[in-house]
Amino acid sequence: MSEFRRLTMPMSREDARSLRAGDMILVDGEIVITAGLPTVQRLVACAEEGRAPPFPLDGGSLLHLGSYSQDTADGGLEILYMNPTTSTRFNRLMPGLIRHFGLTAVGGKGGLDADCVQAMQEVGCIYLSFLGGGAPLHSAAIEAVREVAYSDLVAHYRLVRLAVRGLGPLTVGIDTHGNSLFDTLQEQAQDRLPAILAQLAKDRATAGG
Amino acid sequence: MPITYDAVKALSANLYDWSLRAVPADTKDGLRRALETETQDGARKVLRMMLGSAQKAEQEDRFVCSDAGVPVYHVTIGSAARLDGDIKAAISDGFDELVARISPPLLKHVTNPLTNERGYKGRGMPLVTWDVASGADWVEILCQPKALGSGRWAALETFSFPTLAEIEAYVMKVVLQAGSQHCPPVIIGVGIGGSFDVAARIASKATMRPIGSVNDEPVLAAMEERLLRALNATGFGPMGTGGDTTALAVHVDYAAGHGYTPVAVCFNCWINRRTRARLHADGSVERFE
């Protein structure tokens, strides 16, 4: 038995709400990924203009993961490798997408800002933190490539729907209750800074003496 | 015998290739040591995943990170080295050859900063620095591909006659700005003094020093030790989701300057991509990392 809770994606709202920041989980099922700013801008345009995205996102996931996708000889698609990108690059665009598509999970690495946390709390959406430099582990969890859209863009910008098995462990970085590890840790570091600087001064005095 | 265009081209391609498929030994040792001292359970799990990812990459010949970054080379030419051919072109051609042959293929990360268009080529690519080693008859090339985690959070500020307290407070400020973003635990390079470009280069070079090596300047060795403790007291932890291990090492170096003192701080993410080898006059290749 794995020490990690195992959840299926697209995640039910109930499962999303049951998670707490700091939990670590394994994921099976289907995920949607992209590492492209232009891609996310296109999805925002779909939402704003009332057009359907290339494949349905409602109640699903949109994870900031880049991948190398290519055609196979038998007419299918394969992913050669996959890994997270920095999510804060998408801060401005994510609240609208989370609300419009009622996403249950977003993710990548490094977290998202307070506006996103607010949208996630309203909708019931979690943020999953992936291991950066984890391409060998993440790629091994890919079972099949379901669909690739926006193929006019460079490979890592494409919107990809994947079947995965045992993806993770992933850390719940932001939960549906307004808790963000990233915000908490930043506040904690700011709070600790005066004591840290005082300790540095003490250490300098000792080194000098 | 002279060091040839072909030798430099082949080594430039290989160094980049090798850097993508393994985590340096000193860095894995640093992660193992961190695992022994880390007190938070979740952080220990993340550290174990990092070591697992590094091991799987080596065993299965996979890329550790999908972001292969942009090609960055630091070349040191011995003043007694004999060269045959355009070794500057050789480095650029070596990268082109790698792009053409590498499996799996690289994603396109070379970005035109004016249009954000991405490809494999661009103005000024590869990014190369040149240095000279007095008396040596070899050419050394260090490859350190740079991506967001190892590039985005670097910063530089210029002070007038700063105290050590001000310098160290600035390092902490940059560390807090980066927060959870740069795939910690990181290797931090600090460059003090010189001029704007020299401080930045010193900081960058400092990240290349092996983890666990002791600075031979006692003042800097003490500064590195206390800054490492300070950085790890912030609590950001592995992947910035909490823990005692935010940095594996802090390396500081300096150059004399004018009194206006630039302080540069730069990072390398936990995979710490870095490969280095020397081309010798007898035609041999000596690989260090």
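Conventions used here
Residues numbered from 1 in each chain as written. Chains lettered and ligands numbered in written order. Predicted model: local features only at pLDDT ≥ 70, side-chain atom pairs only at ≥ 80, totals over all residues. Domains from an automatic or database assignment. Contact = placed C-beta atoms within 7 Å. Nonpolar A, V, L, I, M, F, W, Y, C, P; charged D, E, K, R; others polar. Helix = DSSP H or I, 4+ residues; strand = E, 2+ residues; numbered from the N terminus. Buried ≥ 20, exposed ≤ 12 C-beta atoms within 10 Å, placed from the backbone. Pairing = 2+ DSSP bridges. Axes fitted to C-alpha atoms, helices over the stretch in contact; angles between N-to-C directions. Expected span 1.5 Å × (residues − 1). Arc of directions from axis to C-beta.

Asks: Can you help me understand the domain arrangement of chain B in this one?
Replies: How large an interface is tends to be reported as the accessible area lost when its parts come together. Residue and element names in this part refer to chain B. The domains assigned to chain B are domain 1 (3-21 + 63-147 + 273-287) and domain 2 (148-268). One C-alpha centre belongs to domain 1, the other to domain 2, and the line joining them spans 25 Å. The partner domain 2 presents 6 residues to the 8 residues of domain 1 that form the contact. Split by residue class, the side of domain 1 that touches domain 2 holds 2 nonpolar, 3 polar and 3 charged.

Asks: Can you walk me through the environment of Lys121 of chain B in this structure?
Replies: Residue and element names in this part refer to chain B. Relative to the elements of secondary structure, Lys121 occurs in the loop between strand S5 (118-119) and strand S6 (127-133). Owing to 13 C-beta atoms within 10 Å, Lys121 belongs among the partly exposed residues under this scheme. Taking C-alpha positions, Lys121 is 9.5 Å from Phe95, a pair spaced 26 residues apart along the chain.

Asks: How should the sheet that holds strand S8 (residues 155-160) of chain B be read in this particular structure?
Replies: Within a sheet, neighbouring strands are paired by backbone hydrogen bonds and run either parallel or antiparallel to one another. All names here are of chain B. Pairing is mixed across the open sheet formed by 4 strands, whose spatial order is S8-S11-S9-S10. Because the sheet does not close on itself, it has two edges, and the strands there are S8 and strand S10 (247-255). Across the sheet, the mean angle from the axis of one strand to that of its neighbour is 15 degrees, orientation sign disregarded. When strand S9 (residues 186-193) meets S10, the two strands line up parallel, connected through 8 bridges. Bridge pairing in S10 places Ile192 opposite Tyr254. Contacts between helix H7 (residues 196-206) and the sheet are confined to S8, S9, S10 and strand S11 (260-268), with S9 contributing the most and set at about 150 degrees to the helix.

Asks: Which parts of the structure should I look at to understand helix H2 (residues 25-37) of chain B?
Replies: Since the α-helix advances by 3.6 residues per turn, residues separated by three or four positions end up pointing in the same direction. All names here are of chain B. Between the first and last C-alpha of H2 there are 19 Å, a value that for 13 residues agrees with the 18 Å anticipated at 1.5 Å per step. Within H2 the residues assigned to the buried category are Thr27, Gly30, Leu31 and Ala34. Here the buried residues of H2 occupy an arc of 100 degrees about the axis, which is enough to place them on one side. Among the exposed residues of H2, those oriented more than 90 degrees off its buried face are Ala25, Arg32 and Glu36.

Asks: Got a minute to help me understand the sheet that holds strand S12 (residues 275-279) of chain B in this structure?
Replies: All names here are of chain B. An order of S6-S2-S7-S12-S13 is seen for the 5 strands of this open sheet, with the pairing classed as mixed. With one partner strand each, in any of the chains shown, S6 and strand S13 (285-287) form the two edges of the open sheet. Recorded for the sheet is a direction-independent mean angle of 20 degrees between the axes of neighbouring strands. Summarising the sheet, S12 and S13 pair through 3 bridges and their orientation is antiparallel. By the bridge assignment for S13, Arg278 is matched with Glu286. Helix-sheet contacts for helix H1 (residues 5-20) involve strand S2 (72-78), strand S7 (139-143), S12 and S13, and the interaxial angle to S12 is about 160 degrees.

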